[in-house]
Amino acid sequence: MPTVLIVEDDTLVRDALTRSLTAAGYSVTAVGTAMDLMRRLVPQYPDLVVLDLGLPDLDGGQVLKMVRAVSRVPVIIATARGDEEEIVQLLRDGADDYLVKPFSGEQLAARVLAVLRRSGQAPPDTLRVGDLVIDMTQRQVRFGDSPLELNRREFDLLAYLARRQSAVVTRRELLTEVWRGSDVYDRAIDVHVYWLRRKLAESGGSPDCLQTVRGVGLRLVAPSA
């Protein structure tokens, strides 16, 4: 799972970007200052940095030069400034891409994927859990040769578990990352798991691949025929 370090001083924006990139399959760490970035950069070695220019302690342009002095990690600049000359200079100083605020979490996830592809570190477009195949680009799922017709939330839930296959994912994490903090209850997870198991069984797979760990959460393991 690629790791992304977000550097953004606005707490609400930072949390929203973290949720979006986590849901897109990245392991995300978020900090609010340039100094926090530099303290975490070398020991953690993230696969990509999203760098806001308007930081409280240092200007983002200076921070970019500091990063480039110690690392070749890909950097996407997030800025409210639309000045073309400044953007060109940032690209010359080592930025790999940029986004002008406001932008959506989906747009950021697409740019992150594009930059990681260029650096050879992109997450797979297809997730495989045994004979269960999840096409993230086309949002299609099949077991062997049999397609599974899933609604949007069923797909998101299955894909989230597939990225963490064999690991137990808590119900709280699922409500936060799959349902994105909307006003839902644990029962929503149970309903979607019921339909996923039923559709998997109808396709010829074993519904037991979606395992409930009592009092904790869910785990996805390779389904058997």
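Residues numbered from 1 in each chain as written. Predicted model: local features only at pLDDT ≥ 70, side-chain atom pairs only at ≥ 80, totals over all residues. Heavy atoms only, no water.

K.L.:
How should I be thinking about the sheet that holds strand β3 (residues 48-52) in this particular structure?
P.N.:
Each strand in a sheet pairs with its neighbour through backbone hydrogen bonds, running either in the same direction (parallel) or in the opposite one (antiparallel). Taking strand neighbours across the sheet as the criterion, the 5 strands line up as β2-β1-β3-β4-β5 in an open arrangement whose pairing is parallel. The sheet is open, and its two edges are formed by β2 (27-31) and β5 (97-100), each paired on a single side. Adjacent strand axes in the sheet meet at a mean angle of 20 degrees, parallel and antiparallel pairs treated alike. Sheet analysis places strand β1 (residues 3-7) next to β3, joined by 4 bridges and oriented parallel. Bridge pairing links V4 to L48 in β3. In the packing of helix α3 (residues 60-70) onto the sheet, contacts are made with β3 and β4 (75-79), and the angle to β3 comes to roughly 155 degrees. (Pairing = 2+ DSSP bridges. Helix = DSSP H or I, 4+ residues; strand = E, 2+ residues; numbered from the N terminus. Axes fitted to C-alpha atoms, helices over the stretch in contact; angles between N-to-C directions. Contact = heavy atoms within 4.5 Å.)

K.L.:
How should I be thinking about the packing of helix α1 (residues 11-23) against helix α5 (residues 105-118) in this particular structure?
P.N.:
Pairs of packed helices are described in terms of their axes, by the angle between the two and the distance that separates them. Between α1 and α5, the least distance of the axes is 9 Å, while the angle of their chain directions is 55 degrees. Comparing their axes, α5 and α1 come out oblique. Considering the relative orientation of α1 and α5, their crossing is right-handed. Note on element contacts: α5 touches α1 through G105, L108, A109 and V112, opposite L17, S20 and L21. (Parallel < 35°, antiparallel > 145°, perpendicular 65-115°, else oblique. Left-handed = near helix turned anticlockwise from the far one by under 90°.)

K.L.:
How do you make sense of the packing of helix α6 (residues 152-163) against helix α8 (residues 186-202) when you look at a structure like this?
P.N.:
Relative to each other, α6 and α8 sit at 85 degrees, their axes nearing to 10 Å. Overall, the two elements α6 and α8 adopt an arrangement that is roughly perpendicular. Counted together, R153, E154, L157 and L158 of α6 and H192, V193, W195, L196 and K199 of α8 form the full contact between these two elements. Across the contact of α6 with α8, the residue classes break down as 5 nonpolar, 1 polar and 3 charged. (Nonpolar A, V, L, I, M, F, W, Y, C, P; charged D, E, K, R; others polar.)

K.L.:
Could you clarify how one ought to interpret a negative patch on the surface in this entry?
P.N.:
A cluster of acidic residues, D9, D10, D15 and D57, forms a negative patch at the surface. Summarising the element assignment, D9 is placed in the loop between β1 and α1. On the accessibility criterion, D9 (35% relative accessible area) is partly exposed. (Patch = residues over 30% accessible without salt bridge, like charges linked within 9 Å, V, L, I, M, F, W, Y side chains within 5 Å. Areas by Shrake-Rupley, 256 points an atom, 1.4 Å probe, with all protein chains shown as cover. Salt bridge = Lys/Arg side-chain N within 4 Å of Asp/Glu carboxyl O. Lys, Arg positive; Asp, Glu negative; His and termini not counted. Charge placed at Lys NZ, Arg CZ, Asp CG, Glu CD. Buried < 20%, exposed > 50% of the residue type's maximum accessible area, 1.4 Å probe, protein only.)

K.L.:
How should the sheet that holds strand β12 (residues 217-220) be read in this particular structure?
P.N.:
Taken together, the 3 strands give an open sheet; going across it, the order is β10-β12-β11, and neighbouring strands pair in antiparallel fashion. Two strands in the sheet have a free side with no partner beyond their single neighbour: β10 (169-170) and β11 (210-213). Taken strand by strand, α6 contacts β10, β11 and β12, and its axis lies near 75 degrees from that of β12. The strands that α8 touches are β11 and β12; relative to β11, the one it contacts most, it runs at about 150 degrees.

K.L.:
Please clarify how unusual backbone geometry should be interpreted in this entry.
P.N.:
A negative phi angle characterises most non-glycine residues, just as the trans form characterises most peptide bonds. With an omega dihedral of 0 degrees, the bond running from K101 to P102 counts as a cis peptide bond. As for its position among the elements, P102 is in the loop between β5 and α5. Positive phi values are uncommon outside glycine, yet R139 reaches one of about 55 degrees. Examined against the element boundaries, R139 turns out to sit in the loop between β7 (132-135) and β8 (140-143).

K.L.:
Can you help me understand the environment of L53 in this one?
P.N.:
By secondary structure assignment, the location of L53 is in the loop between β3 and α3. Note on L53: relative accessible area 2%, which makes it buried. With 25 residues separating them in the primary sequence, L53 and A78 have C-alpha atoms 6.5 Å apart.

K.L.:
Quick question: what am I supposed to make of the pairing of β4 here?
P.N.:
Residues in a regular strand project their side chains so that they alternate between the two faces of the sheet. Among the 5 residues in β4, 5 count as buried, and that is most of the element. Examined bridge by bridge, β3 and β4 share 4 bridges and lie parallel to one another. Along β4, the bridge assignment pairs V49 with V75. Regarding topology, α3 serves as the crossover connection from β3 to the parallel β4, and that connection is right-handed. For the handedness criterion, the β-α-β arrangement of β4, helix α4 (residues 84-92) and β5 is classed as right-handed. (Right-handed = clockwise from strand over helix to strand, strands pointing away.)

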